[in-house]
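In case you want the letters, here they are:
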Amino acid sequence: MKLALATILILLFTVDPAKIGKVNTAKSAARKAYAAGDYKKAIQHYRYITDSLAVKEDEVTLNLANAYFQLNDTTNAISTYQSLAGSSKPQIRSKAQQQLGILNHKQGKLDEALSNFKQAIKADANNLDARYNYEMLKKKLDEQKEQEQNQQNKDQQKENKEENKDQQNKDQQNKDQEKKEQQKKEQEQKEQQQKEQQ
């Protein structure tokens, strides 16, 4: 009983009510700015919360990353989402991986994006957006591989046709050469016969 009372007293003296009020006010201002589409102002508020007030909440960091994403600040968005990829909260980890997948997809890094979506689903199987993105990208990659295979087959067939045509041309040239040699030989024999008859 004394231990519980001591713990409560320690918490009361270590928690600064003024700081809690500042954090809540800044969070509210950041949410309002984000909802209004003023992402620069939202970033300022979230940075104030994380940097000046030293709040280390995954939700705040995720909102900061989302604001960077909305401003197309890819570098900061990626680094902030990556900092959440190891979160102990599965839903936060899932959302961060999903957003990393979207950013990688935009940059043409399709295999990395697919991996991000897969990690998002592993973190939270209920993340339907990540599941949808994974399925669509997997289908796209499979179609690309099939098209590449078809193109390789067409190229191989074209190459084979060209080789066959080249071979036919060589065969025809050989036949023509043999025919000329045969005619020359026959002509020489005729001339020889004519000489002998004279």
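Nothing here was measured: the structure is a model prediction, and the numbers come from that model.

Thresholds applied
Residues numbered from 1 in each chain as written. Predicted model: local features only at pLDDT ≥ 70, side-chain atom pairs only at ≥ 80, totals over all residues. Heavy atoms only, no water. Helix = DSSP H or I, 4+ residues; strand = E, 2+ residues; numbered from the N terminus. Expected span 1.5 Å × (residues − 1). Buried < 20%, exposed > 50% of the residue type's maximum accessible area, 1.4 Å probe, protein only. Contact = heavy atoms within 4.5 Å. Axes fitted to C-alpha atoms, helices over the stretch in contact; angles between N-to-C directions. Parallel < 35°, antiparallel > 145°, perpendicular 65-115°, else oblique. Left-handed = near helix turned anticlockwise from the far one by under 90°. Nonpolar A, V, L, I, M, F, W, Y, C, P; charged D, E, K, R; others polar. Salt bridge = Lys/Arg side-chain N within 4 Å of Asp/Glu carboxyl O. Phe/Tyr/Trp six-rings, centres within 6.5 Å; stacked < 30°, edge-to-face > 60°. Core = buried A, V, L, I, M, F, W, Y, C linked by side-chain atoms within 4.5 Å.

Let's talk about helix α7 (residues 110-123)
Moving on, step 1. The end-to-end C-alpha separation of α7 is 20 Å, in line with the 20 Å expected for 14 residues at 1.5 Å each.
Moving on, step 2. Inspection of α7 places L110, A113, L114, N116, F117, A120, I121 and A123 among the buried residues, and these make up the whole buried set.
Moving on, step 3. Buried-residue contacts for α7 involve α6 (90-106) and α8 (128-197).

Things to note about the packing of α7 against α8
Moving on, step 1. Put simply, α7 and α8 touch, their axes get as near as 9 Å, and they point 150 degrees apart. By the angle between their directions, the pair α7 and α8 is classed as roughly antiparallel. As α7 packs across α8, the resulting crossing turns out to be left-handed. Contacts between α7 and α8 pair L110, D111, A113, L114, F117, K118, A120 and I121 from the former with A130, R131, N133, Y134, L137, K138, L141 and Q144 from the latter.
Moving on, step 2. Grouping the amino acids of the contact of α7 with α8 by side-chain chemistry returns 10 nonpolar, two polar and four charged.

Points about the pattern of salt bridges
Moving on, step 1. Under the criterion given, the structure shown has four salt bridges.
Moving on, step 2. Here K27 ties to E57 by a salt bridge, and the two come within 2.7 Å at their closest N and O atoms. Separated by 30 residues along the polypeptide, K27 in helix α2 (residues 17-35) and E57 in the loop between α3 (39-52) and α4 (58-70) bring together distant segments of the chain.
Moving on, step 3. A residue is classified by how much of its surface remains accessible, and K27, at 16% relative accessible area, is buried.
Moving on, step 4. For the salt bridge of K138 with D142, the shortest nitrogen-to-oxygen distance reads 3.9 Å.

A short note on the packing of α4 against helix α5 (residues 74-84)
Moving on, step 1. With their axes 8 Å apart at the nearest point, α4 and α5 run at an angle of 155 degrees to one another. By the criterion of interaxial angle, the relationship of α4 to α5 is roughly antiparallel. As α4 packs across α5, the resulting crossing turns out to be left-handed. Contacts between α4 and α5 involve D58, T61, L62, L64, A65, N66, Y68 and F69 from the former and N76, A77, T80, Y81, S83 and L84 from the latter.
Moving on, step 2. Of the residues contributing to the contact of α4 with α5, the split by class is eight nonpolar, five polar and one charged.

Structural notes on the packing of aromatic side chains
Moving on, step 1. Using the criterion set out here, one finds one aromatic pair in the structure.
Moving on, step 2. Where Y34 meets Y39, the ring centres are 5.1 Å apart and the plane angle is 70 degrees; that geometry is what we call edge-to-face.
Moving on, step 3. Assessed through its relative accessible area of 28%, Y34 is described here as partly exposed.

So, the nonpolar core
Moving on, step 1. Counting residues in each nonpolar core, the largest one holds 25 residues, and the members touching the most others are Y46, I49, A77, Y81 and L103.
Moving on, step 2. Take this core: its biggest share by element is seven residues, from α4.
Moving on, step 3. Setting aside residues no more than four positions away along its own chain, I49 makes contact with A26, K27, A54, V55 and V60.
Moving on, step 4. Ranked by size, the runner-up nonpolar core spans 10 residues in total, among them L110, F117, A130 and Y134.

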